[in-house]
Amino acid sequence: QVQLVESGGGLVQPGGSLRLSCEDAGSRFSGVTMAWYRQTPGKEREWVARITSIGYAVYAASVRGRFTASRDITRNTVYLQMNNLKPEDTAVYYCNARDVWGQGTQVTVSS
């Protein structure tokens, strides 16, 4: 049973933007801190950002100032706005709440 559904990944040129979405399909996590992670082949999953139930967000140093997390309680959805993307941002991005993970969405930054 899929509980977190990500979307919005794709191919973008360096300097471009993407917005990822993560829908809480089961409406289980409206009062829970949710997080974004990313992973590239051969590397451990890396924490990117997290956002509390009231919208307070913190970020990894590598994305601070470029990425913005937000959430829409009415849509049970969290977002990750990614601006000024760099090739090193290329990864599969995952949404997380407690011990539940989404299926991941591929982000590729390349010219």
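Scroll up for the structure.
Nothing here was measured: the structure is a model prediction, and the numbers come from that model. (Residues numbered from 1 in each chain as written. Predicted model: local features only at pLDDT ≥ 70, side-chain atom pairs only at ≥ 80, totals over all residues. Heavy atoms only, no water.)

1. Quick word on the pattern of salt bridges
With the rule as written, the count across this model stands at four salt bridges. Among the salt bridges present, the one from Arg38 reaches Asp89, with a minimum N-O distance of 2.9 Å. Here Arg38, found in strand 4 (residues 34–39), pairs with Asp89, found in the loop between strand 8 (77–82) and strand 9 (91–97); they are 51 residues apart in sequence, far enough to count as distant. The shortest N-O distance in the salt bridge between Arg66 and Asp89 comes to 2.7 Å. Here Asp89 lies in the loop between strand 8 and strand 9 and Arg66 lies in the loop between strand 6 (57–59) and strand 7 (67–72), a separation of 23 residues in the sequence. In this structure, a network of salt bridges that share partners links the residues Arg38, Glu46, Arg66 and Asp89. (Salt bridge = Lys/Arg side-chain N within 4 Å of Asp/Glu carboxyl O. Helix = DSSP H or I, 4+ residues; strand = E, 2+ residues; numbered from the N terminus.)

2. Focus: the environment of Ala57
Tracing the sequence through the fold places Ala57 in strand 6. The exposure class of Ala57 is buried, given its relative accessible area of 19%. In contact with Ala57, other than residues within four places in its own chain, are Arg50, Ile51 and Ala69. (Buried < 20%, exposed > 50% of the residue type's maximum accessible area, 1.4 Å probe, protein only. Contact = heavy atoms within 4.5 Å.)

3. Focus on the sheet that holds strand 8
What links the strands of a sheet is backbone hydrogen bonding, and the strands pair in either a parallel or an antiparallel sense. One open sheet holds the four strands; their spatial order is 1-3-8-7, and the pairing between them is antiparallel. Since the sheet does not close on itself, it has two edges, and those belong to strand 1 (4–7) and strand 7, each with one partner. The average angle at which neighbouring strand axes cross in this sheet is 15 degrees, direction not considered. In terms of strand pairing, strand 1 meets strand 3 (residues 18–24) through four bridges, oriented antiparallel. Paired with Leu4 across the two strands is Asp24, which belongs to strand 3. (Pairing = 2+ DSSP bridges. Axes fitted to C-alpha atoms, helices over the stretch in contact; angles between N-to-C directions.)

4. Here's the deal with the packing of aromatic side chains
The geometry of an aromatic ring pair is captured by the separation of the ring centres together with the interplanar angle, meaning the angle of the planes. Within the structure shown, the criterion is met by one aromatic pair. A ring pair is formed by Tyr37 and Trp101, whose centres lie 5.0 Å apart and whose planes are at 65 degrees; its orientation type is edge-to-face. One end of the pair, Tyr37, is in strand 4; the other, Trp101, is in strand 10 (residues 100–101), with 64 residues separating them in the sequence. Overall, Tyr37 belongs to the partly exposed group, its relative accessible area being 22%. Looking at Trp101, the relative accessible area reads 36%, which means it is partly exposed. In this arrangement the basic side chain of Arg45 is found over the ring face of Trp101, its NZ or CZ atom lying 4.6 Å from the centre. (Phe/Tyr/Trp six-rings, centres within 6.5 Å; stacked < 30°, edge-to-face > 60°. Lys NZ or Arg CZ within 6 Å of the ring centre and 35° of its normal.)

5. Focus on unusual backbone geometry
The backbone of Ser27 shows a phi angle near 55 degrees, a positive value even though the residue is not glycine. Relative to the elements of secondary structure, Ser27 occurs in the loop between strand 3 and strand 4. We note that Arg98 has phi near 50 degrees; this positive angle belongs to a residue other than glycine. Position of Arg98 among the secondary structure elements: in the loop between strand 9 and strand 10. With a relative accessible area of 60%, Arg98 lands in the exposed category.

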